[in-house]
Amino acid sequence: MTDLTLKQIRKAFGALEVIKGIDLDVRSGEFVVFVGPSGCGKSTLLRMIAGLEEATSGTIEIGGDDVTYAEPSKRGIAMVFQSYALYPHMTVAENIGFGLSLARRPKAEIAAKVQAAAETLQLTHLLDRKPKALSGGQRQRVAIGRAIVRDPKVFLFDEPLSNLDASLRAQMRLEIAELHARLKATMIYVTHDQTEAMTMADKIVVLNGGGIEQVGSPMELYRNPATPFVAGFIGSPKMNLYGGAVAERMGCATYGIRPEHIRLSGEAGTWQGRLRHIERLGADAILYLDVPELGEMIVRAEGETPFVPGATLWASPINGAEHRFAA
Ligand SMILES: Nc1ncnc2c1ncn2[C@@H]1O[C@H](COP(=O)(O)OP(=O)(O)OP(=O)(O)O)[C@@H](O)[C@H]1O
Ligand SMILES: [Mg+2]
């Protein structure tokens with residue numbers, strides 16, 4: 001079943017068109033991640049789905065209903081923002097239940113829903129605290145709790161973890177993925193974070209300049225990026241991309257090879273270069289080579305590498321792992 005359908009959605013602010021005709025289907029229960037560079041329209045698109053921003057043209061259907069012009073509260077969605085926007089004078093329980101209180105739901109129902117959400121999010125022992133006495137991750141869980149009690153058809157998240165430090169982000173990433181598995185709810189999640197996109201998504205939507213560049217599962221986008229833009233955006237470190245005369249020699253407009261798909265040797269190989277810098281990460285190392293024939297090349301090598309800066313090295317692509325783009 002389809003939970004969300006966007007048809008030819010456009011948005012202009014005055015003369016500036018920022019969303020340029022987007023078509024998208026999201027299946028029921030799917031975890032969809034929007035990625036793309038700053039300013040490409042991720043938040044605008046999410047806000048249009050939520051009804052916080054009106055579409056200039058096109059239609060939005062949620063659960064089979066045309067909601068293009070419906071009030072946010074009538075769309076069956078709940079949105080979680082980067083800034084949690086909790087009420088400082090209310091307890092955790094009051095914050096989670098606030099939307100239900102506003103809607104004048106019976107007290108017993110509110111209490112039951114708050115309790116259930118708190119259990120799901122492991123906030124039960126914190127229900128009487130005020131937000132200032134919570135950690136960043138706990139605050140983010142309260143914001144998610146506020147969304148859960150509304151029992152939405154679709155959850156919308158706009159960079160919910162970007163204010164957290166790296167380890168907390170990793171923990172919350174796992175918690176949201178587990179929450180998704182438990183609730184089996186449809187979720188649309190905006191992020192800048194490569195790891196979040198790759199690990200959480202059933203489907204990644206790569207946006208660029210207000211349009212969709214490519215849609216696919218994380219592995220589809222990793223294995224078969226349709227454009228150099230997607231190739232450079234999915235995967236870390238970034239794919240080595242070469243245009244101009246280098247690509248022409250390779251018979252394409254852009255030639256790409258991922259850092260993890262290059263073998264290094266001190267004796268022989270396809271391209272000769274000089275090792276400029278090396279970052280040792282423990283399990284692997286990132287090597288920066290200057291290759292006269294190509295330009296800079298980034299190589300990811302597993303484990304300990306024997307090479308030292310200044311060394312002359314040979315780099316070779318692993319068979320079949322090269323990418324040739326027509327654009
Ligand atoms: N209310 C507005 N009026 C005019 N222009 C706007 C408005 N809101 C957004 N824009 C413009 O629309 C474009 C898309 O903005 P949006 O916030 O959707 O980007 P984003 O992909 O979410 O970026 P980021 O990753 O930085 O959050 C930007 O060029 C932005 O300046
Ligand atoms: Mg944004």
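As a starting point, this report considers the structure included with it. All values derive from a computational prediction rather than experimental measurement. (Residues numbered from 1 in each chain as written. Chains lettered and ligands numbered in written order. Predicted model: local features only at pLDDT ≥ 70, side-chain atom pairs only at ≥ 80, totals over all residues.)

Some points on the sheet that holds strand 8 (residues 186-190)
Strands in a sheet are paired, the pairing made by backbone hydrogen bonds, and the direction either parallel or antiparallel. Pairing is mixed in the open sheet, where six strands are placed in the order 6-7-8-3-9-10. The outermost strands of the open sheet, each flanked by one partner alone, are strand 6 (77-80) and strand 10 (211-216). For this sheet, the mean angle separating the axes of adjacent strands, direction not counted, is 20°. For strand 6 and strand 7 (residues 154-158), the ladder comprises four bridges, and the chain directions are parallel. Within the sheet, the bridge partner assigned to Ile77 lies in strand 7 and is Val154. (Pairing = 2+ DSSP bridges. Helix = DSSP H or I, 4+ residues; strand = E, 2+ residues; numbered from the N terminus. Axes fitted to C-alpha atoms, helices over the stretch in contact; angles between N-to-C directions.)

Description of the site of ligand 1
Neighbouring residues of ligand 1: Phe13, Val18, Gly36, Ser38, Gly39, Cys40, Gly41, Lys42, Ser43 and Thr44. By residue number, the principal contributor to the shell around ligand 1 is helix 1 (residues 42-50), which donates three residues. Taken together, the residues of the shell around ligand 1 break down into three nonpolar, six polar and one charged. (Near = placed C-beta within 6 Å. Nonpolar A, V, L, I, M, F, W, Y, C, P; charged D, E, K, R; others polar.)

Let's talk about the sheet that holds strand 11 (residues 240-242)
Within the open sheet, the three strands sit side by side as 11-12-18. Their pairing is antiparallel. Each edge of the open sheet carries a strand with a single partner, namely strand 11 and strand 18 (322-325). Taken over all neighbouring pairs, the strand axes of this sheet differ in orientation by 20° on average, direction set aside. Here strand 12 (residues 254-257) pairs with strand 18 via four bridges, running antiparallel. Note that in strand 18 the partner of Tyr255 across the bridge is Arg324.

A look at the packing of helix 2 (residues 92-102) against helix 3 (residues 107-120)
Where helix 2 contacts helix 3, the axes come no closer than 9 Å and their chain directions differ by 135°. Taken as axis vectors, helix 2 and helix 3 run oblique relative to one another. As helix 2 packs across helix 3, the resulting crossing turns out to be right-handed. From helix 2, Ala93, Ile96, Gly97, Leu100 and Ser101 reach across to helix 3, where they touch Ile110, Lys113, Val114, Ala117 and Ala118. A class-by-class count of the residues in the contact of helix 2 with helix 3 yields seven nonpolar, two polar and one charged. (Parallel < 35°, antiparallel > 145°, perpendicular 65-115°, else oblique. Left-handed = near helix turned anticlockwise from the far one by under 90°. Contact = placed C-beta atoms within 7 Å.)

Spatial relationships are all this shows, so hold off on functional conclusions.
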